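Structural features, examined
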Amino acid sequence: MVRCSNSLVGILNFFVFLLSIPILSSGIWLSLNGHTQCERFFDKPMIALGAFLMVVALAGVIGSCCRVSWLLWFYLCVMLLSIIVVLCFTIFAFVVTNKGSGETIPGKVYKEYRLGDYSEWLQKRVNDNHHWKNIRSCLYEDKFCNRLEFFSAGRFHNASEFSKIDLNSLESGCCKPSNDCNFTYISPTTWNKTSGTYKNPDCNTWDSDNKKLCYDCQSCKAGFIDNLKTSWKLVAIVNIVFLVVLIIVYAMACCAVKNNKDDNSYAQF
């Protein structure tokens, strides 16, 4: 059973090597052909991840199958570092996404989102002008507010009917004004401002221009964080499974190193 560890490590890393090829290729393709800032945002991480997996997989395959001890030691160090990084990120993801949720509004199906309800770390990230400029660009390029207008216009003739739509966090936070504003409903993304002063600063930020809408509102930032929370929690759950797999592979690699050491000792003898 122990002697099989070298072969198992080699086989597993061969599949990892095959997996790294489409990841690396996709990153290079996005770098050369990406048309939007959102697409180009993923090219460098995908290239880095693909190259990392390829190098580590090659070290695992050659080290285990060819009995190259120093490559296996390198592989073990990288695997141990990966386990620590994945564990830390998983804990961090659960901690920063543990706070905040949408606010239920009486008489409305959709929820509204307040930036102050979420963790301070996430608030600082979205309040950074440089970060939010890139995020805002991605949100606009995705044109989900245009889709809301297209599929909902003509179906909902007043604010009461519109309140029955189950909007997601981004649609609620970025595509319409806050319920605090009491604006006049025209269409899902067109609302006329009423006169008076507003306690909620988002009311002054709102603009019916589809390039502006509420993309710079605090509610839009809160909606983005709420959407991010869902994704991060899912990633954190997947990471737990991935962490178990990493530990198993790491244990097998340790056995492979022991096999190499025993073989070298026997050869010397």
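Residues numbered from 1 in each chain as written. Predicted model: local features only at pLDDT ≥ 70, side-chain atom pairs only at ≥ 80, totals over all residues. Heavy atoms only, no water.

The protein chain goes by Tetraspanin-9-like in an unreviewed UniProt entry, where it is assigned to Raphanus sativus. Its UniProt record gives the protein chain a comment under Subcellular location (unreviewed entry), which states: "Membrane". According to the UniProt record, the Sequence similarities (unreviewed entry) comment for the protein chain reads "Belongs to the tetraspanin (TM4SF) family." (UniProt positions renumbered as here; feature names shortened; annotations may be inferred.)

Per the secondary structure count, the protein chain includes 11 helices and 4 strands. In the protein chain, buried positions account for 40% of the 269 residues. Across the protein chain, contacts joining residues at least 24 apart in sequence account for 67% of those joining residues at least 6 apart. As presented, the protein chain carries roughly 15500 Å² of accessible surface, and 66% of it is formed by carbon and sulfur atoms. (Helix = DSSP H or I, 4+ residues; strand = E, 2+ residues; numbered from the N terminus. Buried < 20%, exposed > 50% of the residue type's maximum accessible area, 1.4 Å probe, protein only. Contact = heavy atoms within 4.5 Å. Areas by Shrake-Rupley, 256 points an atom, 1.4 Å probe, with all protein chains shown as cover.)

So, on to the pairing of strand 3 (residues 184-187). Here strand 3 pairs with strand 4 (residues 190-192) via 3 bridges, running antiparallel. For Ser187, the partnering residue across the bridge sits in strand 4 and is Thr190. The loop that links strand 3 with its antiparallel partner strand 4 comprises 2 residues. (Pairing = 2+ DSSP bridges.)

With that out of the way, let us pick up helix 6 (residues 129-142). Under the 1.5 Å per step criterion, the end-to-end length of helix 6 is 20 Å for 14 residues, consistent within 8% with the ideal 20 Å. When we look at burial in helix 6, the residues that qualify are Trp132, Ile135, Arg136, Ser137 and Leu139. Two or three places before His130, at the start of helix 6, stands the capping residue Asp128, its side-chain oxygen 3.0 Å from that residue's backbone nitrogen. Of the residues one or two after helix 6, Lys143 is the one with positive phi, at around 55°. (Expected span 1.5 Å × (residues − 1). Polar contact = N/O pair within 3.5 Å; in protein donor to acceptor, adjacent residues only side chain to side chain.)

Moving on, we get to the confidence of the model for the protein chain. Atomic detail in the predicted coordinates should be set aside for any region of low pLDDT. Of all residues in the protein chain, 90% have pLDDT values of 70 or greater, and the mean over the chain is 84. pLDDT under 50 marks residues 265-269. Its contacts with residues more than four places away, or in other chains, come to 0 contacts. (pLDDT = per-residue confidence, 0-100.)

With that settled, consider helix 5 (residues 120-127). Of the residues making up helix 5, those classed as buried are Leu122, Gln123 and Val126. All buried residues of helix 5 project into a common sector of 105° when viewed along the axis, lining one side. In this structure, helix 5 carries Glu120 and Lys124 as exposed residues pointing more than 90 degrees from its buried face. (Arc of directions from axis to C-beta.)

A separate point is the packing of helix 3 (residues 43-65) against helix 4 (residues 69-96). Their axes nearest at 8 Å, the elements helix 3 and helix 4 cross at an angle of 135°. Between helix 3 and helix 4, the angle falls in the class oblique. When you trace helix 3 past helix 4, the crossing you get is left-handed. Contacts between helix 3 and helix 4 involve Phe52, Val56, Ala59, Gly60, Ile62, Gly63 and Ser64 from the former and Leu71, Leu72, Phe74, Tyr75, Val78 and Ser82 from the latter. Considering only residue class, the contact of helix 3 with helix 4 consists of 9 nonpolar, 4 polar and no charged. (Axes fitted to C-alpha atoms, helices over the stretch in contact; angles between N-to-C directions. Parallel < 35°, antiparallel > 145°, perpendicular 65-115°, else oblique. Left-handed = near helix turned anticlockwise from the far one by under 90°. Nonpolar A, V, L, I, M, F, W, Y, C, P; charged D, E, K, R; others polar.)

For the rest of this paragraph, the subject is the side chain of Ser163. Position of Ser163 among the secondary structure elements: in the loop between helix 8 (159-162) and helix 9 (169-174). Polar contacts involving the side chain of Ser163 include one to the main-chain carbonyl oxygen of Ser160, which spans 2.5 Å. Among all residues touching Ser163, those that are not within four sequence positions of it are Gly107, Lys108, Val109 and Tyr110.

Another point: a nonpolar patch on the surface. Nonpolar side chains collect at one region of the surface, where Ile11, Phe14, Phe15, Leu18 and Ile21 lie side by side and expose about 470 Å² of accessible area between them. Tracing the backbone shows Ile21 in helix 1 (residues 4-33). (Patch = residues over 30% accessible without salt bridge, like charges linked within 9 Å, V, L, I, M, F, W, Y side chains within 5 Å. Salt bridge = Lys/Arg side-chain N within 4 Å of Asp/Glu carboxyl O.)

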